[in-house]
Amino acid sequence: MSHLLYHSSRRIFALLFVLFLPAWSFAQKVSISGYIRDAATGESIISGTVYIKEADQGAQSNNYGFYSVSVLPGKYTVTYSYVGYTPIVRTVDLTENQTFNAELQSATTMKEVKITSTRKDENVKNTEMGTVSLSMQRIKELPVLFGEVDILKTLQLLPGVQSAGEGNSGFYVRGGGPDQNLVLLDDAVVYNTGHLFGFFSIFNSDAIKDVTLIKGGAPANYGGRLSSVVDVTMKEGNMKEFHAEGGIGLIASRLSLEGPIKKDKGSFIVSGRRTYIDALARPFSSKLKNTGYYFYDLNLKANYRLGKHDRVYLSGYMGIDKFKFQNPSGTFNANIPWGNKTATARWNHQFSDKLFLNTTAVYNDYNFSSNFNQNAFAVKIASGIKDYNAKSDLDYYTSFNHHFKAGLAYTYHTFIPNQISGHVDSIQLNPDNAFIKYAHEAGAYILDDFEPTKWWKINLGLRYSWFGQVGPYTGYTLNSSGNATDSTHYSAGQLVKAYGGWEPRFNMRFELNDLSSIKTSISKTYQYIHLVSDNGTTLPTDVWVPSTALVQPEIAWQYSAGYFRNFMDNKIETSVEVYYKDMKNQIQYKDGYTPNNLQDPELSYVFGTGTAYGAEFFVNKTQGAFTGWVGYTLSWTYAQFPLLNGGQPFPNKYDRRHDVSVVGSYKLNKKWSFSSVFVYGSGNAITLPTSYYFINTSLVENFSKINAYRLPAYDRLDISATLTPQHAKPHRWEGSWTFSVYNVYDRHNPYFLYVDNTGTATTGIKVTVYEVYILPIIPSITYNFKF
């Protein structure tokens, strides 16, 4: 008995020792915390690196510049760094908790830039896969269409990201559709990302601080989309002094103003952009007097520090596209406006040196309308989506260097499908808006980012998402042919249908040595709102719809693995990633669908599955006079719908076997810099008629299986040169000229194909397939300025 008690007591003591040893060791640790900021502007630096040499331990600043690291008491060398900035190296004697706000100076000479090569290599060290952060400085160096810097077109140059078409800012990521990308601007969802029918993105480069793309394995704090996250952060404004910058281009101009509300306490930025295509074209034709197209957008942001531990932000965006047409006689006119409006309010609170809270409220409104008038007849077609959102996120940096994040989010959606109203003389057409839908969406998550050992790092997260459609709503019961046989009406606020599910997220890194690592990722995601389209691009005529009793949420599992290796003292980053994505409840229109505003659109949907897999190769030179990258993607994307293509799998429109991008920038001296972009991609899949026959005298087309043919391969070369005049004495006014050429060798890349047929049943039919291209060689010049 005593022998048993002896061994039992030993086991209990050992268990208590294991449990309480961490608590004892935590109590011995001290922390160093604070904020990392730009010394010249006071702007927070996102993902700035803090590295403690003797402990071989580090951390990154969060989205608001806050960091915290805990170590045992002692004397340490602490390095604060960020790419493009001169590091700060401090020797500190940590005997108690300390606060230090690091203000980094931008590196303006080649010698200073070279210093940044000593930073800790996050490409190899962190757990992130399929994640790329691009600075606006690097994006602005690349050649662009019509001189308009475009974030989304730059993202299309990365492996795994494909363009939606010639000149289009829409994009596909790892086999997902355009609606499966979560695009955020200061935490506000952007439902339509394009101006000029998709040729330009809505993001004004002068107002943007940071952009991050996550292609797979998104951490648990992101949810609601299957394929990717594009997280765009606006500038906060200069806290030190007033500045202005802008540019004058061929089709648009822009201007930004920023400065302190109170020096080192608060700041603001206002940024606007407008095209003048309409104004330039009007003098050349009297027929264009009341016809034209233009877009404008406006970004605003302000922030203020209420004390050491509190800060508030207000930001907003408004962008409008407007197309007008009137015939010469004035008997017919059309007015088609569409656009996004967002407003974001934030409150940051630092509870302690380890605990940080961010609370956000967002209003979002996207709408599209078409107004047509002819004599006494007028009609308006309107659609859109409106959101009210609130969320709260907590960062907890523990003494044992686990970085916990947890949060809650809630959104109330209003979905407006195509609604018709109008009049003929005095007769009014006012529908009862029976197809408007309402829904609640909520989510909660927790994640932990930690290192069990120096060579092993894990980001482990779990998210629970919930979606509930509520009334007023009329639901339908369908038979096996997809026709409605019965209906049920739900009153306002009554729950119609609810969905929910757990979304595990797992990212892991095994460090092989200081220059290489292997990473793996597994993630599950739910998507409860959908953009149903039969053209594959994000045009303003597409309609967002919710999950309902008939429309189930889309679900995806994604698995990926990669090898990461750096060369030349971390100047060159390389990676190879492979992925496999399995998607359920994909949505398309049924065969023969035509728009019908007298019937709920969801009665015209069909549902199926999707599969995407491939490999991505990336070589990225980040430092020196010459920078750039080479990306190559080999991929397959297939869909299968029981009611389409005879139930057989078919390639998606955005199934592109090969995709290559080569990007280079060279800084010759302080005056001249040059850049170029080359892209190549396999042709998109299309469906074409394969034969014709007559029924009586009517010609009938017989189409191929879905997407059985391919457009010709796409390739293009763009070049640019930037001249920055130098002054013998310092000037407040700084200017530069950017000369660029889009499609240098005038490649006629087809925008679409169409089939023309001539003849009769007697003479025979002649069928010709034509390619239509829209963007030839296009030179442009832009003048950019700062003062």
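Fair warning: this is a prediction, and the values are worked out from it, not measured in the lab. (Residues numbered from 1 in each chain as written. Predicted model: local features only at pLDDT ≥ 70, side-chain atom pairs only at ≥ 80, totals over all residues. Heavy atoms only, no water.)

Engineer: Can you explain the overall build of the protein? Please cite residues and give values.
Structural biologist: Helices and strands together make up the secondary structure of the protein, namely 6 helices and 52 strands. Residue pairs at least 24 apart in sequence account for 65% of intrachain contacts in the protein once pairs closer than 6 positions are excluded. Carbon and sulfur atoms make up 60% of the accessible area of the protein, which amounts to about 35300 Å² in all. (Helix = DSSP H or I, 4+ residues; strand = E, 2+ residues; numbered from the N terminus. Contact = heavy atoms within 4.5 Å. Areas by Shrake-Rupley, 256 points an atom, 1.4 Å probe, with all protein chains shown as cover.)

Engineer: I'd like a description of the nonpolar core, backed by residues and values.
Structural biologist: The biggest cluster of nonpolar side chains holds 66 residues, and the ones touching the most others in it are Ile151, Leu155, Leu158, Phe203 and Val230. The contacts of Phe203, once residues within four sequence positions are left out, are Val149, Ile151, Leu152, Val183, Leu185, Val190, Ile208, Val232 and Arg273. Counting residues in hydrophobic clusters, the runner-up holds 18 residues, among them Ile36, Ala59, Val92 and Ala102. (Core = buried A, V, L, I, M, F, W, Y, C linked by side-chain atoms within 4.5 Å. Buried < 20%, exposed > 50% of the residue type's maximum accessible area, 1.4 Å probe, protein only.)

Engineer: Residue-level account of the sheet that holds strand 7 (residues 88-94), with values.
Structural biologist: Strand order in the open sheet made by the 4 strands is 3-2-5-7, with antiparallel pairing throughout. With one partner strand each, in any of the chains shown, strand 3 (57-60) and strand 7 form the two edges of the open sheet. Neighbour-to-neighbour, the strand axes of this sheet turn through a mean angle of 20°, independent of strand direction. Sheet topology places strand 2 (residues 49-52) next to strand 5 (residues 74-81); 4 bridges connect them, and they run antiparallel. Residue pairing in the sheet places Val50 in a bridge with Tyr80 of strand 5. (Pairing = 2+ DSSP bridges. Axes fitted to C-alpha atoms, helices over the stretch in contact; angles between N-to-C directions.)

Engineer: Can you explain the confidence of the model for the protein? Please cite residues and give values.
Structural biologist: Low-confidence regions, as indicated by low pLDDT, have predicted coordinates that should not be scrutinised in detail. In the predicted model, the protein carries a mean pLDDT of 83, and 89% of its residues have values of at least 70. In this model, residues 109-120 is a region of pLDDT below 50 whose contacts with residues beyond four sequence positions or in other chains number 26 contacts. Per-residue pLDDT stays below 50 along residues 535-539; that stretch engages in 15 contacts with residues further than four places along the chain or on separate chains. (pLDDT = per-residue confidence, 0-100.)

Engineer: Tell me about the packing of aromatic side chains, residues and numbers included.
Structural biologist: Under the counting rule described, the total for this entry stands at 34 aromatic pairs. For the ring pair Tyr363 and Tyr388, a centre distance of 5.3 Å and an interplane angle of 50° mean the geometry is tilted. Taken as a pair, Tyr363 in strand 25 (residues 355-374) and Tyr388 in strand 26 (residues 377-397) lie far apart in primary sequence, 25 residues in all. Exposure remark for Tyr388: the relative accessible area of 45% places this residue in the partly exposed category. Among the aromatic residues, those joined into a cluster by ring pairs are Tyr35, Tyr64, Phe66, Tyr313, Phe356 and Tyr397. (Phe/Tyr/Trp six-rings, centres within 6.5 Å; stacked < 30°, edge-to-face > 60°.)

Engineer: Quick one: what's the story with the sheet that holds strand 17 (residues 208-214), residue by residue and with numbers?
Structural biologist: Spatially, the 5 strands line up as an open sheet ordered 10-17-18-13-14, and their pairing is mixed. The outermost strands of the open sheet, each flanked by one partner alone, are strand 10 (131-135) and strand 14 (188-189).

Engineer: Residues and numbers for the pattern of salt bridges, please.
Structural biologist: Tallying each qualifying case throughout the model produces 27 salt bridges. Put simply, Lys209 and Glu236 hold a salt bridge, and the shortest N to O gap is 3.3 Å. Residue Lys209 is located in strand 17, and its partner Glu236 is located in the loop between strand 18 (228-234) and strand 19 (243-248); the two are separated by 27 residues in the primary sequence. Notably, a salt bridge pairs Glu616 with Lys215, separated by 3.0 Å at the nearest N-O pair. Of this pair, Glu616 sits in strand 39 (residues 605-621) while Lys215 is found in the loop between strand 17 and strand 18, placing the two residues 401 residues apart along the sequence. The exposure class of Lys215 is buried, given its relative accessible area of 3%. Via salt bridges that share partners, Glu43, Lys209, Glu236 and Arg311 belong to a single interconnected network. (Salt bridge = Lys/Arg side-chain N within 4 Å of Asp/Glu carboxyl O.)

Engineer: Describe a nonpolar patch on the surface, with residues and values.
Structural biologist: Judged by side-chain polarity, Ile446, Leu462, Tyr464, Trp466, Leu495 and Trp502 come together as a nonpolar surface patch covering roughly 580 Å² of accessible area. Elements with a contribution of two residues or more to the nonpolar patch: strand 30 (456-470) and strand 33 (495-513). Within the fold, Trp502 resides in strand 33. (Patch = residues over 30% accessible without salt bridge, like charges linked within 9 Å, V, L, I, M, F, W, Y side chains within 5 Å.)

Engineer: Any chance you could break down the environment of Ser516 for me, citing the residues and the numbers?
Structural biologist: If you trace the backbone, Ser516 turns up in strand 34 (residues 516-527). Ser516 sits 59 residues away from Ser575 along the chain, and the two C-alpha atoms are 9.5 Å apart. When residues no more than four places from it in sequence are discounted, the contact partners of Ser516 are Val124, Glu511, Tyr563, Phe564 and Arg565.

Engineer: Give me the lowdown on the environment of Leu213, citing residues and values where you can.
Structural biologist: Summarising the element assignment, Leu213 is placed in strand 17. Taking the C-alpha atoms as reference points, Leu213 and Leu134, separated by 79 residues in sequence, lie 8.5 Å from one another. Contacts of Leu213, omitting those with residues within four sequence positions, involve Gly130, Thr131, Val132, Leu155, Leu158, Val161, Ser228, Val229 and Val230.

Engineer: Account for the pairing of strand 30, naming residues and giving values.
Structural biologist: In the sheet, strand 29 (residues 437-453) pairs with strand 30 via 14 bridges, with the strands oriented antiparallel. Of the residues in strand 30, the one forming a bridge with Ala439 is Gln469. Hairpin connection from strand 29 to strand 30: 2 residues lie between these consecutive antiparallel strands. Direction of pairing for strand 30 relative to strand 33: antiparallel, over a ladder of 15 bridges. Along strand 33, the bridge assignment pairs Trp456 with Phe510.

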